[in-house]
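The lines below spell out each chain.
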Amino acid sequence: MMGSSNLYLSWARWALASATALGSLFVLLASFGGFGLRSDQGAGLSVVAICKWICLALAACLAVASARRLRTTSWRWLALGSCLFAIAQSVLVRHQLFLGVEVPFPSGADPAFIGGMLALAAGAATFLRELAVSGFPLQLRERLWRDLLAVFGAGSLLFWLMLRPLLPPEVWDTETVLSLLYPICDLFLLLPAVLLLEVTREFADGRARGIWSALLLTFLLFLVGDLLFALFLEGASPLMVAAMDLCFLWGYAGLALTSLRQLDLSR
Amino acid sequence: MEPISPIARSRLDAVVVGLLGPVVGSSMAQAAVEGHCRILEIDGSEISAEKIEMLIDRLRQGMTIFVGPEKAQELATALRDELSLGPPPNPAT
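**A short note on empty space enclosed by the protein**
Taken as a whole, this structure holds one cavity of 30 Å³ or more when the rule is applied. Considering only enclosed or pocket space, the largest cavity measures out at about 30 Å³ in volume. Residues that form the lining of the largest cavity fall into these classes: five nonpolar, three polar and no charged.

Below is the structure:
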């Protein structure tokens, strides 16, 4: 039993590393026009989309396994979030690879991505609540208000400086609302993530820290990726597309790594 | 069953930090023992076996969110073994 679990985790680790490396290589090749590749069409697009899907499929499988093993509400939320992300990426892959058409924006993937982000935020917040009643002395209540102020202060400033000038007041179509909704959801992810960062610092030399640090890194990559997406919705340069692709690819890999580390710790 | 003699606080600290430290970090493991001892009103250098049982149970519950119920139970058993407590008492008897 233990042997098959080890084999499963080794296989997942290998698949995750391969998909991340291959996807990153193709993103970089496409951004510099290597081998005539482009990340928005042809083989470049297909490989990057499939690599992202592999990372998310692994994240979903590993998160469901973690939820079954830990039986906590936080991991059930995280598993739901990972599954919704995998479904959303499947919709994108279907458009890009099987229908051969450009993905419309908005598409069926967007509600799944937004729902996934909210589920991940709920997972991280629920973990903090579970941590607060676990008997570990962490003073979460005192930290909550300070971090709440810091995150929403920084978030408002970021929005005002970066996104507000892009919005003429009369244009509030679905596209604009959705491209703003993504960074807003990222802020919801960031608050529990910042609290987690503080909390996990207390677990300095313990393996539990690695799990929640990976989740924090994932949330940060999502935030940067979504900001780039909102800022360069139209006419993004190949370099910006590459940066966006790398943020999402590595973010999805981070999501899978979070569950992988949790399974590794709890086996 | 032979009564279990009280356990020295320093030994308890060392055992808990040794077993839980790799998971939650040594300073957090130490802080958890101190926190639970305060709640259970454990003071002095020696702790009764009954209080130790309560402490282990609280630590097991706390570890569940990090490693799941099975591994938390394994850690609790390992704590008992290290402290030479034997199997947990049966609440029915």
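**Here's the deal with a nonpolar patch on the surface**
Residue and element names in this part refer to chain A. On the surface, a nonpolar cluster with roughly 410 Å² of combined accessible area is contributed by Leu118, Phe152, Leu181, Ile184 and Phe188. Ranked by residues supplied to the nonpolar patch, first place goes to helix H6 (residues 174–201) with three residues. You can see leucine 181 is positioned in helix H6. For leucine 181, a relative accessible area of 32% corresponds to the partly exposed category.

**Some remarks on the state of the cysteines**
Joining two cysteines, a disulfide is a covalent bond between their sulfur atoms. Residue and element names in this part refer to chain A. Evaluated as defined, the whole model comprises zero disulfides over all chains. Lacking any disulfide linkage, cysteine 61 is separated from the closest cysteine sulfur, that of cysteine 83, by 7.8 Å. By relative accessible area, cysteine 61 is classed as partly exposed at 46%.

**Thoughts on the interface of chain B and chain A**
Reports often express the size of an interface as the amount of accessible area lost when the parts come together. Residue-level contacts link 21 residues of chain B with 22 residues of chain A. Summed over both sides, the interface between chain B and chain A buries roughly 1,800 Å², with carbon and sulfur atoms accounting for 62% of that surface. Interface area lost by chain B to chain A is led by Met28(B), Ile65(B) and Phe66(B), which between them contribute 38%. Between the two partners, chain B and chain A, sit one salt bridge. Of the charged contacts in the structure, one is a salt bridge between Glu70(B) and Arg71(A), with a shortest N-O distance of 2.4 Å. Put simply, chain B and chain A have seven residue pairs in polar contact (both at pLDDT 80 or more) between them. Broken down by secondary-structure element, the contributors of at least two residues to the side of chain B that touches chain A are helix H1 (9–24), helix H2 (26–39) and helix H3 (49–82) of chain B. For the side of chain B that touches chain A, the leading source of residues is H3(B), giving ten residues. Residue composition of the side of chain B that touches chain A, by class: eleven nonpolar, eight polar and two charged.

Parameters and conventions
Residues numbered from 1 in each chain as written. Chains lettered and ligands numbered in written order. Predicted model: local features only at pLDDT ≥ 70, side-chain atom pairs only at ≥ 80, totals over all residues. Heavy atoms only, no water. 1 Å grid on protein atoms, 1.4 Å probe; cavity = no way out; pocket = protein on both sides within 12 Å on 5 of 7 lines; lining within 4 Å. Points joined across faces, edges and corners; volume = space filled by probe spheres on them. Nonpolar A, V, L, I, M, F, W, Y, C, P; charged D, E, K, R; others polar. Patch = residues over 30% accessible without salt bridge, like charges linked within 9 Å, V, L, I, M, F, W, Y side chains within 5 Å. Areas by Shrake-Rupley, 256 points an atom, 1.4 Å probe, with all protein chains shown as cover. Salt bridge = Lys/Arg side-chain N within 4 Å of Asp/Glu carboxyl O. Helix = DSSP H or I, 4+ residues; strand = E, 2+ residues; numbered from the N terminus. Buried < 20%, exposed > 50% of the residue type's maximum accessible area, 1.4 Å probe, protein only. Disulfide = S-S within 2.5 Å. Contact = heavy atoms within 4.5 Å. Buried area = accessible area lost by both parts, 1.4 Å probe. Polar contact = N/O pair within 3.5 Å; in protein donor to acceptor, adjacent residues only side chain to side chain.

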